[in-house]
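A structural walkthrough
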Amino acid sequence: MKFIKTHISLIFPLVAILLGLEFFIVFDRTTDSFEKSLQNGYSMMIVSKDEMSIDDFKAWDEHIEKVEELEKSKILERLKMTESSKQKSFEASLPNFYSLKLDGYLTLEELESVKNNLKKSNNILTIESFQSSYQSKYELFSFIKSAFQTFIFFMSIIGFFLIVKQMEVWNFLHAQRMKVMEIFGASLFLRSKILINMALIDAIISAIITSGVFYFIQNAWVRGSQIEILKENVDRMFTYSDLFILLFASIFVVMIAVFLVVINVKEE
Amino acid sequence: MSNVITANNLTLGYENDEEIIKDANFSIKKGDFVFITGPSGSGKSTLLKSFYGNLSPQEGSLVVGGLDMIDIKKNKLQELRSHLGIVFQDYKLINEWTVEKNVVLPLWISGYSAEVQSTQAKRLLHHVKLSGKEEKYPMELSGGEQQRVGVARALAKNPFLILADEPTGNLDEYSSNVIWDLMENACHQLDTTVVVVTHRIPMVFNIPYRHFTIDENGSVYEIH
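Remember, it's a predicted structure, so these values are computed and weren't measured experimentally. (Residues numbered from 1 in each chain as written. Chains lettered and ligands numbered in written order. Predicted model: local features only at pLDDT ≥ 70, side-chain atom pairs only at ≥ 80, totals over all residues.)

1. Examining the sheet that holds strand β5 (residues 67–68) of chain B
Residues and elements named next belong to chain B. Read across the sheet, four strands follow the order β2-β1-β4-β5 without closing on themselves; strand pairing throughout is antiparallel. Looking along the sheet, the strands with just one partner apiece sit at the ends: β2 (19–29) and β5. Where strand β1 (residues 3–13) and β2 come together, seven bridges link them in antiparallel fashion. Considered in β2, the bridge of Leu10 is made with Ala24. Here helix α1 (residues 44–51) sits on the sheet and contacts β1, β2 and β4 (59–64); the angle it forms with β1, its principal contact strand, is near 125°. (Pairing = 2+ DSSP bridges. Helix = DSSP H or I, 4+ residues; strand = E, 2+ residues; numbered from the N terminus. Contact = placed C-beta atoms within 7 Å. Axes fitted to C-alpha atoms, helices over the stretch in contact; angles between N-to-C directions.)

2. Quick look at the interface of chain A and chain B
The interface is formed by eleven residues belonging to chain A together with twelve residues belonging to chain B. Among the elements that line the side of chain A that touches chain B, the one with the most residues is helix α6 (residues 131–183) of chain A, at five residues. Taken together, the residues that form the side of chain A that touches chain B break down as six nonpolar, three polar and two charged. (Nonpolar A, V, L, I, M, F, W, Y, C, P; charged D, E, K, R; others polar.)

3. Here we look at the packing of α6 of chain A against helix α7 (residues 188–221) of chain A
Residues and elements named next belong to chain A. Where α6 meets α7, the closest approach of the two axes is 9 Å, and the angle between their N-to-C directions is 150°. Taken together, α6 and α7 sit at an angle that is classed as roughly antiparallel. Remark: the crossing between α6 and α7 carries right-handed chirality. Contacts between α6 and α7 involve Trp170, His174, Met178, Met181 and Glu182 from the first element and Leu190, Arg191 and Leu195 from the second. The residue inventory of the contact of α6 with α7, partitioned by class, reads five nonpolar, one polar and two charged. (Parallel < 35°, antiparallel > 145°, perpendicular 65-115°, else oblique. Left-handed = near helix turned anticlockwise from the far one by under 90°.)

4. Focus on unusual backbone geometry
Trans is the prevailing form of peptide bonds, just as negative phi is the prevailing case for residues other than glycine. All names here are of chain B. In this structure, Asp23 takes a positive phi of about 50° despite not being glycine. Assignment of secondary structure puts Asp23 in strand β2. Phi is positive for Lys129, close to 60°, though the residue is something other than glycine. Relative to the elements of secondary structure, Lys129 occurs in the loop between α5 (114–127) and α6 (143–155). Lys129 sits in the partly exposed class, given 15 other C-beta atoms within 10 Å. (Buried ≥ 20, exposed ≤ 12 C-beta atoms within 10 Å, placed from the backbone.)

So this is what it looks like as structure tokens:
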């Protein structure tokens with residue numbers, strides 16, 4: 001009971017911080033792949049008078065990564081122009097059609113800027129950016145992303161304040177011992193050894209609890225979930241390397257807390 | 001005999017405060033037993049604090065155990081303190097540790113084995129008449145018993161210098177006598193230097209001693 005009482009007050013805020021961190025890592029991974037799929041699924045349609053190469057497009061805007069020319073014959077096929085003589089003369093009179101892929105999932109402003117840059121070319125007749133579809137996807141994605149980041153931020157802030165509170169408790173509990181030890185010639189390390197040991201145990205327990213929570217979420221919930229984005233990334237939700245990231249972060253936070261407590265204990 | 005403490009034109013004071021000890025000159029030799037007396041607020045405890053590096057001299061020089069106490073480096077100060085025995089009026093025991101663990105604190109700091117620590121704790125607790133109280137906690141003892149634990153701790157590593165600040169200030173006669181006997185023995189048998197700050201020198205004292213006094217102006221004199 002005493003063990004639980006001593007440790008829970010640090011484990012609780014540490015787990016809050018670690019959950020925030022792991023949520024951030026997982027969210028970053030899953031949104032990254034979602035962002036890539038959105039990026040792959042998006043292309044801009046260009047109509048030009050003369051033929052243009054990738055370098056011609058890049059000269060107008062650096063965000064253009066890939067250019068695919070749409071064959072005129074296939075366009076005519078779609079229009080059901082099958083008579084050979086008519087097709088040939090019509091094909092010769094058609095402009096050139098291109099599908100452009102961009103180098104990332106751009107913001108609406110960046111997309112507008114790409115469009116404006118391309119408009120400067122006299123050779124380009126029409127630009128179709130499918131902006132309304134892009135905009136709705138982009139705004140939903142941005143909203144989810146910022147809502148989640150705000151949640152993680154506040155979770156970390158609460159964790160931080162709870163740790164500061166715990167540091168005050170530590171100061172109250174350990175200052176007398178550390179002062180006496182200092183008078184008898186104990187080094188800084190020796191004075192803080194008891195606190196370091198306790199904090200390390202709490203850091204390890206917190207990292208294991210947080211990993212356990214994510215392992216449970218991954219295996220007991222996400223695998224059976226119908227949410228596409230989660231199902232696709234189920235194996236990336238929690239990896240064993242995350243345990244080490246959490247352990248490192250947890251130890252880093254507690255060591256800073258211990259250090260701040262120890263250096264603030266002044267001999268009377 | 002070599003000097004354990006040497007003060008030359010020593011001036012002590014706290015930051016933004018007036019000088020408390022002014023221009024003191026004295027030396028304390030190995031095996032000396034020294035009482036420092038003086039009125040309340042004259043600077044007795046301040047002088048004692050400077051001997052274990054809790055307060056740095058403002059002017060003059062102070063050498064303790066061969067180390068210059070002005071701007072002394074942390075590691076040197078730790079080394080010096082690990083060879084001192086310090087006794088406080090308010091005991092300064094670690095309340096969450098047992099009596100035995102408190103007594104062997106200096107040995108633990110110096111990395112002595114658990115076996116040595118245990119043997120030494122038993123021996124010292126026998127000397128301070130606290131055998132059988134090894135597993136008690138300080139708060140379970142009387143003031144006199146706590147101070148005897150403090151003295152046992154000060155003697156744990158056979159220090160070359162014992163510094164005691166009002167060690168019998170609030171104690172009953174029995175505990176006071178045990179403490180004076182222990183300090184006399186340490187000085188007489190082990191040639192340990194002992195410096196005691198006190199309001200009153202005990203009526204019966206069995207070994208020769210030196211008596212320093214501090215007046216209201218912070219001047220230190222030796223009374224012969």
